[in-house]
Amino acid sequence: MELLQNLAAGAAHLASVEVWLMIIVGVMIGIIFGAIPGLTATTALAMFTPLTYALSRYTAFGFLLGVYCGGYYAGSIPAILIKTPGAPGNAATCVDGYPMRERGQAGKALSLSVTSSMIGGIFSALVLMVFAPTIGQMGYLFGAPEYFAIAMLGMCCLASVCGKDLCKGIASGLLGLCMAMIGQDAITGMTRFTFGSVDMIAGVGLIPGLIGLFALTEIFCKAEMAGREAKGTISDFKFYPPKIADFIHCKWIVFKSCVIGTVIGAIPGTGPTIAAWMAYNEARRSSKHPEEYGHGSAEGVIACESSNNAVTGGAMIPLTTLGIPGDSVTAIPLGALMIHGMTPGVTFTTTYPDMLYFFFIVLIIGNLVMWLCGLLGSKFFPRILAVPTQILIPFVIVLCICGVYASASTYYNLFLIVAIGGIGYILLKAGFGMAPMVLGFVLGSTIENNFQRALIAGDLNPLCFFSSPLSIGIWVAAILLTGWMVIKNRKSSGAVASAQSAGEDEKNSE
């Protein structure tokens, strides 16, 4: 009964046309910012939050949550079309989204992406509308050992994204971890791998790192092939309307990905990046055709994007119930709540119950608006691919430069992405994959910081990492998943090798 009363109170604030208009405008602005690599939803929220001060709290948060939903999804657009994730949470989408684009399925990849994002966002909002108080309490269970275990569980995805050569995949992941350690240690203040440079003390930011590893590496590869690639036409990239059959076929992958994204979102400090990689790993592990992953699997795109956007609802739980940002993006709405006179924390659900449920209703509406805008846009986004490579490459370079400079306003990052892109290109030519390196880089700071915090709190006793049933359960899951994926990789590699040998025998017999 109380749930229905709070739900009705939250829905009552939608009676204003101004609120609906601001939700739509917010979604469109979020899509624009999210689709430009380096700008992200975080940048859009940071820019527009001060402008909402003169608005009512309901109009303001209708707009901000619209930006929030649109920005989370839109990072998949450049990830699919130009292999440049608009945000760290969309990095996993590149693994299968871009190969789909190369096979002439850009329209299908975009349609699956926006529909999966909508499903994930609405799923998390509906679940959390009912279980918000209970899920909010989960934040108290996580300390440094549990965060470290969660990050290591995320690293298990190396077994999924390393490709045929497991050793090179692990080496690439370790290189990513080393890249994350450049700069000043957040715990001790010591500097590592700076080579005497003052600029390198700040380390490598997520945006420059991702753009360097994905975008610049791809630009170098495209520049090498310029003039030699097959000419595509706009007819190769047709609009693909969403089909229920696509999602019924992989309904359990959608469900598991939504659950993973919702739970990960409810854990403070994790965010969409870990959720996307974990969902991708689980989808590949349970797939009947794991060999298709990394080569344009529609299931891979669906898993990444449904889990990525399921974080949107989950991340609002620790924000409102604990006063802790669920991820880096929700750190800005935390300040917006205070600007509008509301104190987030354990008393928020009792002091502002109508506002809490207003959030969830707006998230549902925002995801539906995002879906419509994304579908309409997917008719035109692939037209980028009709642009000749000689024109597209400079345009992408300009976008990368603008995004990287906007993220930190320093020329150092411009030189950094060129250096990272050059190293990535060399590694790619040597047979090392970029996905394991990106995974290690993204999770590196979480692993290192929580490793040190756990040891300090546990008086340097290594058993501190197994100090709670929750951490033990996460470690067991990590070991089992890693073993499963290694065995499955070996079986698939053996099947491929036997098929190749059989083919050679047939040729010799002929």
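Residues numbered from 1 in each chain as written. Predicted model: local features only at pLDDT ≥ 70, side-chain atom pairs only at ≥ 80, totals over all residues. Heavy atoms only, no water.

*Asks:* Any chance you could explain unusual backbone geometry here in plain terms?
*Replies:* Positive phi outside glycine occurs at Phe195, with the angle close to 55 degrees. Along the chain, Phe195 falls in the loop between strand S2 (191–192) and helix H11 (206–225). Note on Phe195: relative accessible area 74%, which makes it exposed. At Asp459, a position not held by glycine, the phi torsion is positive, near 55 degrees. (Helix = DSSP H or I, 4+ residues; strand = E, 2+ residues; numbered from the N terminus. Buried < 20%, exposed > 50% of the residue type's maximum accessible area, 1.4 Å probe, protein only.)

*Asks:* Whenever I open this one, the packing of helix H4 (residues 57–74) against helix H18 (residues 353–378) confuses me. Can you help?
*Replies:* A pair of packed helices can be characterised by two numbers: the angle between their axes and the separation between those axes. Interaxial distance between H4 and H18 falls to 8 Å at its minimum, and their mutual angle equals 45 degrees. By the criterion of interaxial angle, the relationship of H4 to H18 is oblique. Here H4 and H18 pass one another in a crossing that is right-handed. Along its contact with H4, which presents Arg57, Tyr58, Phe61, Gly62, Leu65, Tyr68, Cys69, Gly70 and Tyr73, the element H18 presents Asp354, Met355, Phe358, Phe359, Val362, Leu363, Gly366, Asn367, Met370 and Gly374. (Axes fitted to C-alpha atoms, helices over the stretch in contact; angles between N-to-C directions. Parallel < 35°, antiparallel > 145°, perpendicular 65-115°, else oblique. Left-handed = near helix turned anticlockwise from the far one by under 90°. Contact = heavy atoms within 4.5 Å.)

*Asks:* So what exactly am I meant to see when it comes to the pattern of salt bridges here?
*Replies:* Under the defined criterion, the tally for this structure stands at three salt bridges. Glu448 is paired through a salt bridge with Arg192; the nearest N and O atoms lie 2.6 Å apart. Of this pair, Glu448 sits in helix H21 (residues 434–457) while Arg192 sits in strand S2, and the two are 256 residues apart along the sequence. With a shortest N-O distance of 3.0 Å, Glu282 and Lys256 are connected by a salt bridge. Taken together, the residues Glu282 in helix H14 (residues 272–286) and Lys256 in helix H13 (residues 251–266) connect sequence positions 26 residues apart. Among the residues examined, Glu282 registers a relative accessible area of 13% and is labelled buried. Classification of Lys256 by relative accessible area gives partly exposed; the value is 25%. (Salt bridge = Lys/Arg side-chain N within 4 Å of Asp/Glu carboxyl O.)

*Asks:* How do you make sense of the environment of Ile170 when you look at a structure like this?
*Replies:* The residue Ile170 is located in helix H10 (residues 166–180) in this model. Each C-alpha atom, one on Ile170 and one on Gly440, is 9.3 Å from the other, the two residues being 270 residues apart in sequence.

*Asks:* Whenever I open this one, a nonpolar patch on the surface confuses me. Can you help?
*Replies:* On the surface, Leu463, Phe466, Ile472, Val476 and Leu480 cluster together to form a nonpolar patch covering roughly 490 Å² of accessible area. By secondary structure assignment, the location of Val476 is in helix H22 (residues 469–509). (Patch = residues over 30% accessible without salt bridge, like charges linked within 9 Å, V, L, I, M, F, W, Y side chains within 5 Å. Areas by Shrake-Rupley, 256 points an atom, 1.4 Å probe, with all protein chains shown as cover.)

*Asks:* What is the right way to read the packing of aromatic side chains from this model?
*Replies:* The geometry of an aromatic ring pair is captured by two quantities: the separation of the ring centres and the angle between the planes. Scanning the entire structure with this criterion turns up 14 aromatic pairs. Note on Trp252 and Phe255: the rings are 6.2 Å apart at their centroids and 90 degrees apart in plane angle, and the pair reads as edge-to-face. Placement of both Trp252 and Phe255 in helix H13 is noted, with a separation of three residues, approximately one turn of the helix. The exposed category is assigned to Trp252, whose relative accessible area is 58%. Connected via pairs of aromatic rings, a cluster forms that spans Phe148, Phe451, Phe465, Phe466 and Trp475. Over the face of the ring belonging to Phe432 we find Lys168, whose NZ or CZ atom lies 5.5 Å from the ring centre. (Phe/Tyr/Trp six-rings, centres within 6.5 Å; stacked < 30°, edge-to-face > 60°. Lys NZ or Arg CZ within 6 Å of the ring centre and 35° of its normal.)

*Asks:* What's the story with the environment of Pro436 in this structure? I'm lost.
*Replies:* Tracing the chain through its elements places Pro436 in helix H21. Separated by 263 residues in the primary sequence, Pro436 and Gly173 have C-alpha atoms spaced 4.6 Å apart.

*Asks:* Help me understand the nonpolar core in this model?
*Replies:* One broad trend across soluble globular proteins is that nonpolar side chains are buried collectively. By size, the foremost hydrophobic cluster in this structure holds 140 residues, and its most contacted members are Phe61, Tyr68, Met355, Phe358 and Phe359. In terms of residue count, the dominant contributor to this core is H18 (14 residues). Ignoring sequence-local partners within four residues, the contact set of Met355 consists of Arg57, Tyr58, Phe61, Met342 and Phe348. (Core = buried A, V, L, I, M, F, W, Y, C linked by side-chain atoms within 4.5 Å.)

*Asks:* Help me understand the confidence of the model for the chain, please; the structure alone is not making it clear to me.
*Replies:* Caution applies to low-pLDDT regions: their predicted coordinates should not be interpreted in detail. On average, residues of the chain score 78 in pLDDT, and 82% of them are at 70 or above. Confidence drops under a pLDDT of 50 for residues 230–235, and excluding neighbours within four residues, the segment shows three contacts in the predicted structure. (pLDDT = per-residue confidence, 0-100.)

*Asks:* Help me understand the environment of Cys221, please; the structure alone is not making it clear to me.
*Replies:* On the secondary structure map, Cys221 appears in helix H11. Judged by relative accessible area, which is 18%, Cys221 ranks as buried. Sequence spacing of Cys221 and Tyr425 is 204 residues, and the spatial spacing of their C-alpha atoms is 7.3 Å. Discounting chain neighbours no more than four positions away, the residues touching Cys221 are Tyr425 and Leu428.

*Asks:* Whenever I open this one, H14 confuses me. Can you help?
*Replies:* In this model, H14 (15 residues) spans 21 Å end to end at C-alpha, consistent with the 21 Å of a helix rising 1.5 Å per residue. Among the 15 residues of H14, 14 are classified as buried, and the element is accordingly described as predominantly covered. (Expected span 1.5 Å × (residues − 1).)

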